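# Residue-level structural notes
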Amino acid sequence: MFRYLPLILKSSMRNRRRSALTVASIAVSLCLLSVLMAMYHALFYGGEQTPAQALRLITHSKVGLATAMPYSFLNKIRAVPGVKDAMLWQWFGGSYKDARDQKNFFARFAVEPSRLFNIYPEVEMPADQKRAFEQLRTACIASDTVANKFGWKIGEKIIIVGDIFPVTLEFTLVGIYHSDTAGDALFFNKDYMRESLPATSPMRDIASSFEVQAETPADVPRVQQAIDAMFENSPQPTKTESERAFQLSFVAFLGNLKLFLMAICGAVTFTILLVSANTISMSVRERVREVGVLKTLGFTPAAILGLLIGEAAVIAAIGGLLGMGAAALLCTGVRQAPTGIIALKTLEISPAIAIYTLLIALSIGVVSSLIPASSASRTSILDSLRYSG
Amino acid sequence: MAIPASYNLRNLVVRKTTTIMTALGIALTVAVLLSVLALVAGLRTAFESTGDPAQVLVMRKGATAELNSGMTRAVFQDMKFKQGIAVDANRQPLASLEIVTVINLASVDSPAGMNVTLRGLLPVGIQMRHLSILQGRWFQTGHREVVVGKNIAKRYPGAQLGKQLRFGKGLWDVVGVMDGGQSAVNSEIFGDLGQVSSDFDRQDGLSSVLLRATDTATVPALINSLNDDQRLNVDAMTERSYYESQTNSGAPLQFLGIFVSIIMAVGSSFAAMNTMYASVARRSKEIGTLRVLGFSRGSILLSFFLESLLLSLFGGLLGCILVLPLNGITTGIGSFVTFSEIAFNFRVTPQIMIAGVLFALFMGAVGGLFPARMAAKKEILTALREI
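Described in the following lines is the structure provided in the data block. (Residues numbered from 1 in each chain as written. Chains lettered and ligands numbered in written order. Predicted model: local features only at pLDDT ≥ 70, side-chain atom pairs only at ≥ 80, totals over all residues.)

## As for the overall build of chain B
- When helices and strands are tallied, chain B shows 13 helices and 12 strands.
- Considered along the principal axes of its C-alpha atoms, chain B spans approximately 95 × 45 × 35 Å.
- Looking at chain B as a whole, 54% of its 387 residues qualify as buried.
- A separation of at least 24 residues holds for 82% of the contacts in chain B among residues at least 6 apart in sequence. (Helix = DSSP H or I, 4+ residues; strand = E, 2+ residues; numbered from the N terminus. Buried ≥ 20, exposed ≤ 12 C-beta atoms within 10 Å, placed from the backbone. Contact = placed C-beta atoms within 7 Å.)

Structure, rendered in structure tokens:
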């Protein structure tokens, strides 16, 4: 088989323009295909989890995220065997400057500063900034992306006007953190929010969600069940999910993405198949006479079949490789772009996806050349020599 | 003198396998673009047909959505007798105090659960909304009963007529299915204001107020008088503009779809180019003959360019036919404004089909230009001598 490789390469260079156009067309489509596969993987299976991520769970009301639970649940959750730590994770909402301008939107959470850094060890921040956040009640910290977007410096005064919570909070920015997993948000001390609310307000003691940290990854399923079982018959049944599952639940917001991605992948694959089959049959048709000459020289029909299929496979494989390279670049670009979807931060062309892409490329080459190649190999010498293009 | 287009048409017919394969490639590219455009068109229709231009939605100052707005009964009492609010037959103002929250239900697309808007309101709120009952009846005041939008009934197995939903402090009977035309109400669940607010312990923590102005001309004055009233501390806007602003929920999917179809278009243009080059190469002799007959280089260029456009037009039309079955299919998308899902129908409108055909023609033009130039540049003698 490899004996014929030079001949295969030579004949694929015969009509350079056509081969280049075919390679380009296949490369573009396969680039798209592998990016879509990577996206599917990142969105529905998530990329690699950090060890800290694998330990985290989120408890919220079973009715939905907008329904509040009593704050008193927190102590009960902390007492569950297998729970290492737990804290309030309160969506604050509110508005910064003019809320009608989408650009002013970023997530704001009320948390417990001392616990935040235990539960989220990936939140990278200098030790003195961490200390300042724990000590100053009106302090807040923001992710580097958010701080850069608004040009905030340490010491900046930030005013957030509440909507769900009828309070206006004025914060001092004491720290800027970096984290790939905690998202781009502003965190502040829940005690500050609580004390700003009127003493009689029922909102003082509500919680929209709790962040729970398990002792070991093996404890996660047990903790999840134990928490939900504990509140099953309470006025406010809970739903506890792993952090991964919780993040994935937001993917559903983008619509029926699963079906959409699969449909597009199907359409793309079919298109490449068409393009490739079209080119191969065009080039075989041009070469009927040449095939006749090869046969007179003693090439068997099987060898000719191999030559033609090999040529298609080489062209498709080159297209596949180029497409994969482009896809890898594209994924790097997407990872660095500020997207609202944390799952996309893990977008990459993994070895498995690379192998899939190449296999698809090769099979497209083989499948698309099967019919024209077999009919060419079966044509008799006389017929093929007599053939005029 | 121009070469008649029937020459190109016949050519495409003679080499039908190649024509069909190339056109099908273009058709699939167009189909991907059109399905995304149909989705966005459907979403836009759902949001734009929600809301009466004569109605005003009032939320707490600073709130961008009903879900995170707060409204007390005292504020409602203060605003319901403002100048410019229409009254019903019993001289009662058309003003509806409402509570909005989201509940999680398992849908056909995401069995893990999707957020759905739950709205508690009084009979006046239903009267203001141009709704009709498809099945069953309206809920009764003071009962734990809900009426679901027709899309909810279609997409959420647990929310069928006669079934029970569990939220708040217990079970609720689904007693009816309502039809709100094309509007977003089809994706909501309605229940009694008093019952819903007490189940969520929010008797005085309500969400928003819907007001009907006497006519569309008084709407701006009503909005101004509400916004300027320091005592109320509210933001008022027309109901229609509130919903229109949510149309961008489809933006991520739209972006992805357009991105994908542009990349696919690049691939399809290359394929069209390939086909046209082959077509030019195989018809060398014909081109030579045409030149001998006196057709100019310009008309050869035009003719081959036209043939490529014809090929892509065929592909574009095929693409339109491929997406037609999508028309009317229901799908859902999450809105980060309402924090819940809105279900709507794909809409393959004539406008988007025209856009699809133009997109196909563009691919054909890009793919046909260079091969046509090559055909036009051929020297008569060499062209005739080629096999």
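That covers the picture; the talk isn't over yet.
## Quick word on the overall build of chain A
- A count of helices and strands for chain A gives 15 helices and 13 strands.
- Expected size for 389 residues packed as a compact globule is a radius of gyration near 21 Å; at 30 Å, chain A overshoots this value by more than 25%.
- Here chain A holds 389 residues, and the buried ones make up 43% of them.
- Within chain A, contacts between residues separated by at least 24 positions form 82% of all contacts whose residues are at least 6 apart in sequence. (Rg over C-alpha atoms; globule rule 2.2 N^0.38 Å.)

## Some words on the nonpolar core
- If you look at the biggest cluster of nonpolar residues, it comprises 178 residues, and the most contacted ones within it are Leu32 of chain A together with Leu34 and Val58 of chain B.
- In terms of residues, this core owes the most to one element, helix H2 (residues 16-48) of chain B, which gives 20 residues.
- Excluding its chain neighbours within four sequence positions, the residues that come into contact with Leu34 of chain B are Gly319, Cys320, Val323, Val348, Ile352 and Gly356 of chain B.
- Of all hydrophobic cores here, the second largest spans 49 residues; its members include Val80, Leu116, Met193 and Phe231 of chain A. (Core = buried A, V, L, I, M, F, W, Y, C linked by C-beta atoms within 7 Å.)

## Some thoughts on the interface of chain B and chain A
- Taken together, the contact pairs 52 residues of chain B with 41 residues of chain A.
- Within the residue set of the side of chain B that touches chain A, elements represented by two or more residues are H2, strand S2 (95-105), strand S3 (114-121), helix H9 (251-282) and strand S11 (330-335) of chain B.
- Of the residues forming the side of chain B that touches chain A, the biggest block, 16 residues, is contributed by H9 of chain B.
- Partitioned by chemical class, the residues of the side of chain B that touches chain A number 28 nonpolar, 20 polar and 4 charged. (Nonpolar A, V, L, I, M, F, W, Y, C, P; charged D, E, K, R; others polar.)

## A look at the sheet that holds strand S8 (residues 157-161) of chain A
Residues and elements named next belong to chain A.
- Within the open sheet, the 7 strands sit side by side as S4-S6-S10-S7-S9-S8-S5. Their pairing is mixed. At either margin of the open sheet sits one strand with a lone partner, and together these are strand S4 (90-91) and strand S5 (95-96).
- Contacts from helix H6 (residues 127-135) reach strand S7 (139-143) and strand S9 (168-177) within the one sheet, and its direction differs from that of S9 by about 160°. (Pairing = 2+ DSSP bridges. Axes fitted to C-alpha atoms, helices over the stretch in contact; angles between N-to-C directions.)

## Some details on the sheet that holds strand S3 (residues 83-88) of chain A
Residue and element names in this part refer to chain A.
- Pairing in this open sheet of 4 strands is antiparallel, and the strands run S3-S12-S1-S13 from one edge to the other. The open sheet terminates on both sides in strands that have one partner only, identified here as S3 and strand S13 (238-242). Strand-to-strand twist in this sheet, taken as the mean axis angle between neighbours without regard to direction, amounts to 25°.
- Of the strands in this sheet, strand S1 (56-61), S3, strand S12 (209-214) and S13 are in contact with helix H9 (residues 220-231), which crosses S13 at around 170°.
- Sheet strands touched by helix H10 (residues 243-251): S1 and S13. Its angle to S13, the strand with the most contacts, is close to 100°.

## A closer look at unusual backbone geometry
Residues and elements named next belong to chain B.
- A positive phi angle, near 65°, is found at Arg91, a position not held by glycine.
- With respect to the secondary-structure elements, Arg91 resides in the loop between helix H3 (73-79) and S2.
- A tally of 6 C-beta atoms within 10 Å means that Arg91 is categorised as exposed.
- Phi at His130 takes a positive value of approximately 45°, unusual for a residue other than glycine.
- Along the chain, His130 turns up in the loop between helix H4 (123-127) and strand S4 (132-136).
- Here His130 falls in the exposed class, since 12 other C-beta atoms lie within 10 Å of it.

## Examining the packing of helix H11 (residues 257-286) of chain A against helix H14 (residues 351-378) of chain A
Residues and elements named next belong to chain A.
- The interhelical angle for the contact between H11 and H14, taken along N-to-C directions, is 35°, at an axis separation of 9 Å. As H11 packs across H14, the resulting crossing turns out to be right-handed. Contacts from Thr269, Ile272, Leu273, Ser276, Ala277, Ile280, Ser281 and Val284 in H11 reach Ile360, Ile364, Gly365, Val367, Ser368, Ser369, Pro372, Ala373 and Ala376 in H14.
- Within the contact of H11 with H14, the residues separate by chemical class into 11 nonpolar, 6 polar and no charged. (Left-handed = near helix turned anticlockwise from the far one by under 90°.)

## Focus on the environment of Asn8 of chain B
All names here are of chain B.
- As for its position among the elements, Asn8 is in helix H1 (residues 5-14).
- Owing to 20 C-beta atoms within 10 Å, Asn8 belongs among the buried residues under this scheme.
- Expressed as a C-alpha distance, the spacing of Asn8 and Leu310, which sit 302 residues apart in the sequence, is 8.1 Å.
- Once you skip the residues sitting within four places of it in the chain, Asn8 turns out to touch Ser303, Leu306, Glu307 and Leu310.

## A word on the pairing of S7 of chain A
Residue and element names in this part refer to chain A.
- Judged by how many residues are buried, S7 sits mostly within the fold: 5 of 5 residues are covered.
- Because side chains alternate across S7, one face comprises the buried residues Ala139, Ile141 and Ser143, and the other comprises Cys140 and Ala142, equally buried.
- Direction of pairing for S7 relative to S9: parallel, over a ladder of 5 bridges. Looking at the pairing, Cys140 lines up with Leu173 of S9.
- The sheet contact formed by S7 and strand S10 (residues 185-189) spans 3 bridges and is antiparallel. By the bridge assignment for S10, Cys140 is matched with Phe188.

## A short note on the environment of Val323 of chain B
Residue and element names in this part refer to chain B.
- Position of Val323 relative to the elements: it lies in helix H11 (residues 297-323).
- You can call Val323 buried: it has 23 C-beta atoms within 10 Å.
- On a C-alpha basis, the gap between Val323 and Val292 in space is 45 Å, while along the polypeptide they are 31 residues apart.
- Other than its neighbours up to four places away in sequence, Val323 contacts Ala31, Leu34, Ser35, Ala38 and Val348.

## A closer look at H9 of chain A
All names here are of chain A.
- Compared with an ideal rise of 1.5 Å per residue, which puts 12 residues at 16 Å, H9 spans 17 Å between its outermost C-alpha atoms and is within 8% of the ideal.
- Taken together, the buried positions of H9 are occupied by Val220, Val223, Gln224, Ile227 and Phe231. Down the axis, H9 shows its buried residues gathered within 105° of arc, on one side only.
- On its buried side, H9 packs onto helix H3 (51-55), S1, helix H4 (73-78), S3, S12 and S13. (Expected span 1.5 Å × (residues − 1). Arc of directions from axis to C-beta.)

## A short note on the environment of Phe344 of chain B
- Structurally, the position occupied by Phe344 of chain B is in strand S12 (residues 340-345).
- Placed 87 residues apart in sequence, Phe344 of chain B and Gly257 of chain B show a C-alpha to C-alpha distance of 18 Å.

## Overview of helix H10 (residues 284-292) of chain B
All names here are of chain B.
- When H10 is considered as a whole, its buried residues turn out to be Ile287, Leu290 and Arg291. Projected down its long axis, H10 shows its buried positions confined to an angular sector of 100°, all on one face.
- Where H10 is buried, its residues touch H11, helix H12 (350-377) and helix H13 (380-385).

## Concerning the packing of H2 of chain B against H11 of chain B
Residues and elements named next belong to chain B.
- At a minimum axis separation of 7 Å, H2 and H11 run at an interaxial angle of 45°. For the element pair H2 / H11, the angle class is oblique. As for how H2 packs across H11, the hand of that crossing is right-handed. Judged by residue contacts, Thr19, Thr22, Ala23, Leu24, Ile26, Ala27, Val30, Ala31, Leu34, Ser35 and Ala38 of H2 engage Leu311, Ser312, Phe314, Gly315, Gly316, Leu318, Gly319, Cys320, Leu322 and Val323 from H11.
- Taken together, the residues that form the contact of H2 with H11 break down as 14 nonpolar, 7 polar and no charged. (Parallel < 35°, antiparallel > 145°, perpendicular 65-115°, else oblique.)

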